[in-house]
Amino acid sequence: MTSADLELNPGKPPILSVTGPIDAAEWVAEHRELLTETLLGHGAVLVRGLGVRDAALLGQLSAQLMESTVTDREAFARRQPLGGPVFSSLEWPADQPMCMHHEQSYLLEVPRLLAIGCFLAPVSGGCTGLADAEAVLAALPDSLVTRFAQTGWTLRRSFKEVVGLPWRDAFGAADREAAEKYCQDNQISFDWEPDGLLTRQTRRAVLDHPVTGRPVWFNQIAFLNEWTMDPAVREYLVMQLGADGLPFNTCYGDGEPITPETVRTINEVYESLTVREPWQAGDLLLVDNVRMAHSREPYQGRREIGLVQGDPAPTPRG
């Protein structure tokens, strides 16, 4: 016999604790409706007790929950393939936080479901924080939301050989012709320079959830902005590459720069609404990627996390 109890506690994501001897894949298949309802109601659920300690099992469970899977496109940092649809978390310095974001929110089609497995928990830190994008939208100042709702947001990228991923890797393109076709197919403006490629893409900052229809704050305006960077890193990059040569930056959709105060306001609202639960080895975290933003906190010790992204949904633009 097995049992599952959903815990709803302030400051924590919903936690579904599974007890008793189980076959994880059979349990997920039998409880798919429960998991889907919990995701729809809360945006995320941490399932504890399934023993998800390797990529093979994470891939097997994801197949029970997703109609299809996707991989990263237009990546900013590398993920290591772990087998099948499973990839590692982004290669990001352990002592640096990864601020709130939605996976691939700058694409025309985004993964709606994330399945994250903890194979090895760090000694300390390393939580995957979550913030409800409906609540974030409601908590942001009206003037800020109105400005972005009117103009959208623009992501600028500068692909140079000295820093960041090469454009060949980001666009999966073998040559310039393939990169240009990708950009044209995905509403990305581009300019070639002697030492690299510049791209710009404008997207909406507020979307309606594809299932509930409720509006959410869905973007990576703050995460990919220069004012969220570590000040020393930003200063060094500007000194080496110039203000327009940063590997990535964001602005209003009409091209106007975003102030440090605006970025600070967005990040403060995210932090005020963040829920977190320390990882335990074997945990499975399911996230509605449109409804919930997520982050990664600094950590110490080894941290092994697997990720599957699936059920892509189109995001209206313009």
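Below or above, wherever it landed, is the structure these notes cover. Each chain carries its own residue numbering, running from 1 in the direction its sequence is written. Residue-level local features of this predicted model are given only where pLDDT is at least 70; pairs of side-chain atoms are given and counted only at 80 or more, and the full residue set underlies all totals for whole chains, interfaces and linings. As a rule here, side-chain values cover all heavy atoms of the structure and leave hydrogens and water aside.

It is worth spelling out the nonpolar core at this point. Among the nonpolar cores identified, the biggest contains 49 residues, and Leu 140, Phe 148, Phe 171, Trp 217, Ile 221, Ile 266 and Tyr 270 are the most heavily contacted of them. At 4 residues, helix H9 (residues 260–272) tops the list of elements feeding residues into this core. Setting aside its immediate chain neighbours within four residues, Tyr 270 contacts Met 100, Ala 131, Val 136, Trp 217, Asn 219 and Ala 293. As used in this record, nonpolar core signifies buried Ala, Val, Leu, Ile, Met, Phe, Trp, Tyr and Cys residues forming a set joined through side-chain atoms within 4.5 Å. Think of it in three bands: residues with accessible area under 20% of the maximum for their type are buried, residues over 50% are exposed, and the middle band is partly exposed, with areas taken using a 1.4 Å probe on protein chains only. Within the second largest apolar cluster, 25 residues are counted, among which are Ala 24, Leu 61, Val 86 and Leu 284. To qualify as a helix, a DSSP run of H or I must reach at least 4 residues; to qualify as a strand, a run of E must reach at least 2; elements of each kind are numbered from the N terminus. Whether two residues are in contact is decided by their heavy atoms, any of which lying within 4.5 Å being enough.

Bringing the environment of Val 233 into the picture now. For Val 233, the position within the fold is in helix H8 (residues 231–241). For the pair formed by Val 233 and Gly 164, sequence separation is 69 residues and the distance between their alpha carbons is 13 Å.

Strand order in the open sheet formed by 3 strands is E7-E18-E10, and the pairing between neighbours is antiparallel. For this open sheet the edge positions go to strand E7 (98–101) and strand E10 (130–132), each flanked by a neighbour on one side alone. Neighbour to neighbour, the strand axes of the sheet diverge by 15° on average, direction disregarded. A pair of strands is considered paired only if DSSP assigns at least 2 bridges between the two. Here 2 bridges tie E7 to strand E18 (residues 292–296), and the two strands are oriented antiparallel to one another. Across the sheet, the residue bridging to Met 98 is Arg 296, located in E18. Convention adopted: a line fitted to C-alpha atoms gives each axis, helices being fitted over their contacting stretch, and angles between N-to-C directions are expressed from 0 to 180 degrees.

With a phi close to 55°, Glu 74 is a non-glycine residue in the positive phi region. Secondary-structure assignment places Glu 74 in the loop between strand E4 (69–70) and strand E5 (81–83). On the basis of relative accessible area, Glu 74 is assigned to the buried category, the value being 1%. The phi dihedral of Gln 187 is positive, around 55°, even though this residue is not glycine. Examined against the element boundaries, Gln 187 turns out to sit in the loop between helix H7 (176–185) and strand E12 (189–193).

To continue, consider the packing of aromatic side chains. In summary, the pairing rule links any two rings of Phe, Tyr or Trp, Trp by its six-membered ring, whose centres are within 6.5 Å, and it sorts them by plane angle into stacked for under 30 degrees, edge-to-face for over 60 and tilted for everything else. Under the counting rule described, the total for this entry stands at 8 aromatic pairs. For the pair Phe 148 and Tyr 252, a centre-to-centre distance of 4.5 Å together with 25° between the ring planes defines the contact as stacked. In this pair, Phe 148 is assigned in helix H5 (residues 142–151) and Tyr 252 in strand E16 (residues 248–252), connecting sequence segments 104 residues apart. The exposure classification of Phe 148 matches that of Tyr 252, with both residues buried. What links up through ring pairs into an aromatic cluster is the set Phe 76, Tyr 106 and Phe 248. When the ring centre of Phe 76 is taken as reference, the NZ or CZ atom of Arg 157 above it lies at 3.8 Å. Whether a charge sits over a ring comes down to the Lys NZ or Arg CZ being within 6 Å of the ring centre and within 35 degrees of the ring normal. If you follow Arg 303 out to its NZ or CZ, it ends over the ring of Tyr 299, 5.6 Å from the centre.

Moving on: helix H3 (residues 55–65). Every buried residue of H3 is accounted for by Ala 55, Leu 57, Leu 58, Gly 59, Leu 61, Ser 62 and Leu 65. Each polar contact in these results corresponds to two N or O atoms within 3.5 Å; when the atoms are within protein, one needs to be able to donate a hydrogen and the other to accept it, and residues that are neighboring in sequence are counted only if both atoms are side-chain atoms. Structurally, the start of H3 carries an N-cap: the backbone nitrogen of Ala 56 is 3.2 Å from a side-chain oxygen of Asp 54.

Time to look at the pattern of salt bridges. The term salt bridge refers to a side-chain nitrogen of Lys or Arg lying within 4 Å of a carboxyl oxygen of Asp or Glu. On inspection of all chains with the given rule, the structure shows 21 salt bridges. Close ionic contact of Glu 277 with Lys 12 constitutes a salt bridge, the shortest N to O distance being 2.5 Å. Pair noted here: Glu 277 is in the loop between H9 and strand E17 (282–288) and Lys 12 is in the loop between strand E1 (3–7) and strand E2 (15–19), with a separation of 265 residues, a long-range link. Glu 277 sits in the buried class, given a relative accessible area of 13%. Across the pair Glu 226 and Arg 234 runs a salt bridge, and its minimum N-O distance is 2.8 Å. Here Glu 226 falls in the buried class, since its relative accessible area comes to 14%. A cluster of three or more residues bridged by salt bridges with shared partners is formed by Lys 12, Arg 48, Glu 277 and Asp 283.

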